[in-house]
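Now for the letters of each chain:
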Amino acid sequence: MSRMIVLAMVAAVLCGGCGKGKDSNHPQVTLQLNWKPEPQFGGFYAAEIDGIYARHGLNVTITAGGAGAPTVEMIGAGTVSFAIVSADEIVRARAMGNLVVALFAVYQTHPEGIMTRATRGFKTLADVFTHPGILAMERGLPYSDFLQKKYGFGNLKIVPSPFGDLSLYRTEENYAMQCFVTSEPLAAKKTGIEPQAFLIAESGYNPYTTVLATSESYLKSNPQVVKAMIDAVREGWQAYLTDPAKANEYMGRLNPTMDAQTFKDSAVAQKPLIENTDTKRAGLGAMTLDRWQMLVQQLVELKVIDKPVEAQACFSDSSKEK
């Protein structure tokens, strides 16, 4: 069975999209998410339910993802027009000849973090690594390698990531776990055990995350569609940040595993990670060459890639530095 067919089957299995205001005269494109409908995708859904895609001349079908969704491979293979990836995935893909391109970066600050109990009294991320304890995290990812190189894991017992399960958080006093700072800490508070979360970005590793991407070939063949998509997504995120209620209610129907209050709290928690000085200067989703150059250098030093890729070629959007 060909790789293309496999990816197409994955897309079909993961399909959980929505589609309002479709116009057969508009280009039909698919946006493949890498996780379930949650506030991290709020602006994409706001653009759907508010008819923003249609106003920009697009028919967009949003397809939900899940653990291990191969979004980078899917856009590289042409199975989908657009997908959500992370910046380090783009660099690694390009190093292997999969020429994918970032278009819009939702999270300016990486939302991945390390969460532990507040009673441990830690003040910085470094404290997690200088004190004995258990750390649950997914090994083999660039940020894990970066943390090991910077802080060392000698004081810690490393166990597999719980992927949101708080069982050991409840029972092990000296336990820490990887988290999205907009998600697991909110759930941890409901257990009655106050959490303390530290952004991994504090370590110096801070790739753009929840990045809208496409393939280089699609970008070259469909420049007007890509521009329309970027403009619509930016407008959608502006709408969501202004008032997330309607999109949260819609995503809640698609993903009933997250309750309404968590949708609301998560939308508030993520806002400072989405807006910063770059977005105030150049608009939501803005990316800079300096950030991409730093990321490429870090991935070379970590031996994630064998040699540098061209940072300038990793991204292309309407706010790209000249």
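What you are looking at is a predicted structure, and each value in this text was computed from that prediction instead of being measured.

**Q** Tell me about the packing of helix H2 (residues 42-49) against helix H11 (residues 223-242), and name the residues and values.
**A** In contact at an axis separation of 7 Å, H2 and H11 are set at 100° when each is read in the N-to-C sense. Taken together, the axes of H2 and H11 lie roughly perpendicular to each other. Where H2 approaches H11, its residues Gly42, Gly43, Phe44, Ala46 and Ala47 are matched on the opposing element by Ala232, Val233, Gly236, Trp237 and Tyr240. Residue composition of the contact of H2 with H11, by class: seven nonpolar, three polar and no charged.

**Q** Report on the side chain of serine 86, specifying residues and quantitative values.
**A** By the element assignment, serine 86 lies in the loop between strand S3 (82-85) and helix H5 (87-95). Its relative accessible area of 12% is what places serine 86 among the buried residues. For serine 86, the side chain forms a polar contact with the side chain of aspartate 88, separated by 2.5 Å. With residues near it in sequence (within four places) discarded, serine 86 still touches Tyr208 and Val211.

**Q** Provide a residue-level description of the layout of surface pockets, including the pertinent values.
**A** The calculated volume of the largest pocket comes to roughly 1600 Å³. If you trace the largest pocket, you find 50 residues lining it, with Asn34, Trp35, Glu112, Phe163 and Phe180 closest to the centre.

**Q** Tell me about the environment of asparagine 222, and please be specific about residues and values.
**A** For asparagine 222, the position within the fold is in the loop between helix H10 (216-221) and H11. Of the residues examined, asparagine 222 reaches a relative accessible area of 24% and is grouped as partly exposed. Along the primary structure asparagine 222 and serine 81 are separated by 141 residues, whereas in three dimensions their C-alpha atoms are 10.0 Å apart.

**Q** Report on the sheet that holds S3, specifying residues and quantitative values.
**A** Taken in spatial order, the five strands make up an open sheet running S2-S1-S3-S10-S4, and their pairing is mixed. Each end of this open sheet is capped by a strand with a single partner; those strands are strand S2 (59-63) and strand S4 (100-107). Between one strand axis and the next, the sheet turns by 25° as a mean value, whatever way the strands run. Note: strand S1 (residues 28-32) against S3, two bridges, orientation parallel. Bridge assignment links glutamine 32 to a residue of S3, and that residue is alanine 83. Lying on the sheet, H11 is in contact with S1, S2, S3, S4 and strand S10 (209-215); it crosses S4 at an angle near 10°.

Analysis parameters
- In this numbering scheme, every chain counts its residues from 1 along its sequence in written order.
- Totals for whole chains, interfaces and linings use all residues, but because this is a predicted model, local features are given only for residues with pLDDT of at least 70 and pairs of side-chain atoms are given and counted only at 80 or more.
- Only hydrogens and water are removed before side-chain values are computed, so all heavy atoms of the structure are retained for them.
- Angles run from 0 to 180 degrees between N-to-C directions of axes, and those axes are lines fitted to C-alpha atoms, restricted for helices to the stretch in contact.
- Helix numbering and strand numbering both begin at the N terminus, where a helix is a DSSP run of H or I of at least 4 residues and a strand a DSSP run of E of at least 2.
- Here roughly perpendicular refers to angles of 65 to 115 degrees, roughly parallel to angles under 35, roughly antiparallel to angles over 145, and oblique to all remaining angles.
- The contact criterion used is simple: two residues touch if any of their non-hydrogen atoms lie within 4.5 Å.
- Three categories are distinguished: nonpolar for Ala, Val, Leu, Ile, Met, Phe, Trp, Tyr, Cys and Pro, charged for Asp, Glu, Lys and Arg, and polar for the others, with Gly belonging to the last.
- Burial here depends on accessible area, computed with a 1.4 Å probe over protein chains only, as a share of the maximum for the residue type. Under 20% is buried, over 50% is exposed, and the range in between is partly exposed.
- Within 3.5 Å is the distance limit for a polar contact, defined as a pair of N or O atoms, with the added protein rule that one can donate a hydrogen and the other accept it, and that residues adjacent in sequence qualify only through two side-chain atoms.
- Lining residues are defined by having an atom within 4 Å of a point belonging to a cavity or pocket. Those points lie on a 1 Å grid over the protein atoms alone, cavities being sets where a 1.4 Å probe fits but cannot get out and pockets being open sets with protein on both sides within 12 Å along at least five of seven lines.
- Grid points are joined across faces, edges and corners, and a volume is the space filled by probe spheres set on the points.
- At least two DSSP bridges between two strands are needed for those strands to be called paired.

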